[in-house]
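One letter stands for each residue in the lines below.
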Number of protein chains: 2
Amino acid sequence: MELDFTKLDGLIPAVIQDAASGRVLMVGFMNEEAWKVTVETGFATFYSRSRNKLWLKGESSGHRLVVKSIETDCDRDTVLVLVEALGPGVCHNGYRSCFYRTLTNGEWSESEKPTYDPKAIYGGKS
Amino acid sequence: MELDFTKLDGLIPAVIQDAASGRVLMVGFMNEEAWKVTVETGFATFYSRSRNKLWLKGESSGHRLVVKSIETDCDRDTVLVLVEALGPGVCHNGYRSCFYRTLTNGEWSESEKPTYDPKAIYGGKS
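Residues numbered from 1 in each chain as written. Chains lettered and ligands numbered in written order. Predicted model: local features only at pLDDT ≥ 70, side-chain atom pairs only at ≥ 80, totals over all residues. Heavy atoms only, no water.

Q: Break down the overall build of chain A for me, with residues and values.
A: The helix and strand inventory of chain A stands at 2 helices and 8 strands. In chain A, the succession of α and β elements from N to C terminus is β-β-α-β-β-β-β-β-β-α. Projected onto its principal axes, the C-alpha coordinates of chain A cover approximately 40 × 35 × 30 Å. By residue count, 51% of the 126 residues in chain A fall in the buried class. For chain A, the proportion of contacts with a sequence separation of at least 24, taken over those separated by at least 6, is 39%. Accessible surface, chain A as shown: approximately 6000 Å² in total, 46% of it carbon and sulfur. With 15 positive and 17 negative side-chain charges, chain A shows a spacing of 7 Å between the two charge centroids. (Helix = DSSP H or I, 4+ residues; strand = E, 2+ residues; numbered from the N terminus. Buried < 20%, exposed > 50% of the residue type's maximum accessible area, 1.4 Å probe, protein only. Contact = heavy atoms within 4.5 Å. Areas by Shrake-Rupley, 256 points an atom, 1.4 Å probe, with all protein chains shown as cover. Lys, Arg positive; Asp, Glu negative; His and termini not counted. Charge placed at Lys NZ, Arg CZ, Asp CG, Glu CD.)

Q: Mind laying out the pattern of salt bridges, listing which residues take part and the relevant values?
A: For the coordinates displayed, the defined rule picks out 10 salt bridges over all chains. For Arg49(B), the salt bridge goes to Asp77(A), with nearest N and O atoms at 3.5 Å. Residue Arg49(B) is located in the loop between strand 3 (45–48) and strand 4 (53–56), and its partner Asp77(A) is located in the loop between strand 5 (65–72) and strand 6 (79–85); the two belong to separate chains. Given the relative accessible area of 29%, Arg49(B) is considered partly exposed. One network of salt bridges, in which partners are shared, links Lys7(A), Asp77(A) and Arg49(B). (Salt bridge = Lys/Arg side-chain N within 4 Å of Asp/Glu carboxyl O.)

Q: Any chance you could break down the relation of the copies chain B and chain A for me, citing the residues and the numbers?
A: Two chain copies, one operation linking them: a rotation about an axis together with a shift along it. Superposing chain B onto chain A requires a rotation of 180° together with a translation of 0.0 Å along the rotation axis, leaving an RMSD of 0.0 Å. This pairing of chains is accounted for by a two-fold axis. Among all residues of chain B, the minimum C-alpha distance to the rotation axis is found for Gly22(B), at 2.8 Å. The fraction of interface residues of chain B whose copies in chain A are also interface residues reaches 100%, indicating that both copies meet through the same surface. (Least-squares fit on C-alpha atoms with pLDDT ≥ 70 in both.)

Q: Can you lay out the sheet that holds strand 6 (residues 79–85) of chain B for me, pointing to particular residues and giving the numbers?
A: On the basis of which strands lie adjacent, the open sheet formed by 6 strands has the order 8(A)-7(A)-5(B)-6(B)-1(B)-2(B) and mixed pairing. Bordering the open sheet on either side are strand 8 (107–110) of chain A together with strand 2 (24–30) of chain B, each of which pairs with just one other strand. Within the sheet, the average angular offset between the axes of one strand and its neighbour, ignoring direction, is 35°. Sheet topology note: the strand 1 (residues 12–18) of chain B/strand 2 of chain B ladder contains 6 bridges and is antiparallel. When the bridges of strand 2 of chain B are listed, Ala14(B) appears paired with Gly28(B). (Pairing = 2+ DSSP bridges. Axes fitted to C-alpha atoms, helices over the stretch in contact; angles between N-to-C directions.)

Listed below in structure tokens is the structure:
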């Protein structure tokens, strides 16, 4: 039973959830190659839409996502990847989760504290 | 601070997570109108890519998703919606979560038990 990569020009959304805490850490996209690499290596690998190439999450920072379990949905056009996230945070802005802003009275406000200094990891590059 | 609807032809992925259990229930897509309706009504509303129109989740089944909290990610191109899911299940196939299949030794297998009979709710239609 194959995944359906036809709906988003060859991509599927991949929801990354912390296997221990249940926190949703990020959403990336996978093409068929990224999907295969993820399964074969056990490290979450995406297709970077901005750079148009495979993107091993944590390649530069070391903050890799170790795959613990993978689920798919009824339409087989999305995967939910449960991971152990290496390092202090998944978000390149310095947070545990990319979802660090919450809607409050119509405005987005920061709802998590940073867990590391991204400049020390990425040298100021995002 | 607006969301970025430009990356997927006017759509953003919306991850639906059970606010109480942390279970990821489904992933849908919202266009800007669906997003506004979701915020204004407090019920998760999507844009149906197959029917090309707004889709109030639970419109026919009554299994609505009551919005408890909304987060966005660093790129503002995805939302994480924490909900109370009314009814026995979110998936039209009869499961609590649409992610009811897990990859085991390269094969997808059912990893959750059905929670209701979809024929009784949807009359056999999916």
